Amino acid sequence: MSFDPTTIRPDFPILNQEVHGKPLIYLDNAATTQKPRQVLDASRAYYEETNSNIHRGTHHLSQKATAAHEHARETIARHLNAASPHEIIFTSGTTDGINLVANILPLSPGDEILISALEHHSNIVPWQLLAQRTGANLKIIPVLDDGTLDHPAYLNLLNPKTKILALTHVSNAFGTPIPVADFLPPARANGTLTLLDAAQSVAHQPLDVQTLDPDFLVFSGHKLYAPTGIGILYAKSSSIEILPPWRGGGEMIKEVTYESSTYNDLPFRYEAGTPNIEGAIALASAFDWLTSHNLPAIATHEQTLITQAAQALTQIEGLTLYGPENRQGSLSFNISGIHHYDLGTLLDQMGLALRTGHHCCQPLMSRFGITGTIRASFAAYNTTEEVTHLATAIEKAASMLK
């Protein structure tokens, strides 16, 4: 299960550069990961060898592009262990997938939408808009002081009016992993639909949608070593096939007259217009690349880095870590008396790329009485040496700012 990140670093040309005269240490992977040559090559090859619109042409390039696009769907379905490729809907990303679901649910006044206090704005605002349109009520599962969700409070909130439960799989702000086995089965037994935001988990652990068993699961390709502008909505066939379409246009229809239209089958009913063909192909390539390097071993390596970083950072005077000890992917912290933006700016001058701010989680920041944090987030290509340099740089920067 051992994994050596130096074996894959040559796949990432962007890492071989200096920032402000210092070697780049990229620790902003929760925002977006860098792309390996294999994915870059897949994108370039599509445009150089295959580029054509899909599903509509009889000529060679159109058929070739269609086959590549649908093969990508099949590849992603296999990696997620979906029951059918038709359960894989291409979107522009996590936000687009959540908005799609929020726009097709037929809620009524008095119905309830349940989310958690750990959510990214992308898993808050679409539900607020749905509540405003329908008269439904938005309910929040509170977060405890250790950054985990209050499970007893969740069970008390769940009731026959709860129509959808939308949860992050791993918090993008604090790295809190949600024990899905404790949250999804009670909702399922209650007759509540479930949506899992896997944007922060998809690159760090295998996702088996038949084991996790959500009705919907969303993620973005750019957090999985793939390009921006491509994402996945996994939708269990039995959950979505009775729901209406969202966007209208080409590809999502079977027949159109001026009086009415009949809609296409899954998944095309939810893929109006020309899709991001290259993005889908590159996303499948990213999945293949990641799994070829043993994802469980990579996950163990990343957890080791986070543990080492947490142990080193707790030695720094005035530093507070947020989230539980079993955090995944990200490490979020502040130093007393120092604004997170100032510290992040100084670390950038030392060659370290970290994220500062509220991480699109303003309600969570308010819960902890802060305006934001500094977040270091890890990927397969990060090394122990980078963690050591991170701790040294933070200590040096803090001494300069105090």
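Structure first, text after, so check above.
Residues numbered from 1 in each chain as written. Predicted model: local features only at pLDDT ≥ 70, side-chain atom pairs only at ≥ 80, totals over all residues. Heavy atoms only, no water.

As a further point, take the sheet that holds strand β16 (residues 355-357). An order of β13-β14-β17-β16 is seen for the 4 strands of this open sheet, with the pairing classed as antiparallel. The two strands at the open ends of the sheet, each matched to only one other strand, are β13 (319-322) and β16. Sheet twist, expressed as the mean angle between neighbouring strand axes with direction ignored, is 30°. Direction of pairing for β13 relative to strand β14 (residues 330-335): antiparallel, over a ladder of 4 bridges. Considered in β14, the bridge of L321 is made with F333. Lying on the sheet, helix α10 (residues 295-313) is in contact with β13 and β14; it crosses β14 at an angle near 10°. (Pairing = 2+ DSSP bridges. Helix = DSSP H or I, 4+ residues; strand = E, 2+ residues; numbered from the N terminus. Axes fitted to C-alpha atoms, helices over the stretch in contact; angles between N-to-C directions. Contact = heavy atoms within 4.5 Å.)

With 6 of its 6 residues buried, β14 lies for the most part within the structure. Alternating positions in β14 separate into two faces, S330, S332 and N334 on one and L331, F333 and I335 on the other, with burial throughout. (Buried < 20%, exposed > 50% of the residue type's maximum accessible area, 1.4 Å probe, protein only.)

To continue, consider the state of the cysteines. Under the defined criterion, the tally for this structure stands at 0 disulfides. Its sulfur unpaired, C360 is 7.0 Å from the next cysteine sulfur, which belongs to C361. (Disulfide = S-S within 2.5 Å.)

The next thing to look at is the environment of F368. Mapped onto the fold, F368 is located in the loop between α12 (362-367) and β17 (373-377). Between the C-alpha atom of F368 and that of L144, which follows or precedes it by 224 residues, the distance is 9.8 Å. With residues up to four places along the chain from it excluded, the contact list for F368 reads V143, L144, D145, G147, F174 and Y322.

Right, let's talk about the packing of helix α11 (residues 340-349) against helix α13 (residues 384-401) for a bit. The contact between α11 and α13 brings their axes to 10 Å, and the two run at 120°. The orientation of α11 with respect to α13, classified from their angle, is oblique. In this structure, α11 crosses over α13, and the sense of that crossing is right-handed. Judged by residue contacts, D342, L343, L346 and L347 of α11 engage A393, I394, A397, A398, M400 and L401 from α13. Tallied by class, the residues present in the contact of α11 with α13 amount to 9 nonpolar, no polar and 1 charged. (Parallel < 35°, antiparallel > 145°, perpendicular 65-115°, else oblique. Left-handed = near helix turned anticlockwise from the far one by under 90°. Nonpolar A, V, L, I, M, F, W, Y, C, P; charged D, E, K, R; others polar.)

If you walk across this open sheet you meet the 7 strands as β4-β10-β9-β8-β7-β5-β6, and the pairing is mixed. Since the sheet does not close on itself, it has two edges, and those belong to β4 (88-91) and β6 (137-141), each with one partner. Within the sheet, the average angular offset between the axes of one strand and its neighbour, ignoring direction, is 20°. By the bridge criterion, 5 bridges tie strand β7 (residues 162-168) to strand β8 (residues 193-197) in an arrangement that is parallel.

Ranked by size, the top nonpolar core spans 67 residues in total, and within it I76, L80, L217, F219, Y225 and L283 carry the most contacts. Here the element with the most residues in this core is helix α9 (residues 277-292); it accounts for 8 residues. In this structure L80 touches I88, L207, D208, V209, F219, I232 and F287, once residues within four positions along its chain are discounted. Within the second largest apolar cluster, 29 residues are counted, among which are L27, L331, I338 and L343. (Core = buried A, V, L, I, M, F, W, Y, C linked by side-chain atoms within 4.5 Å.)

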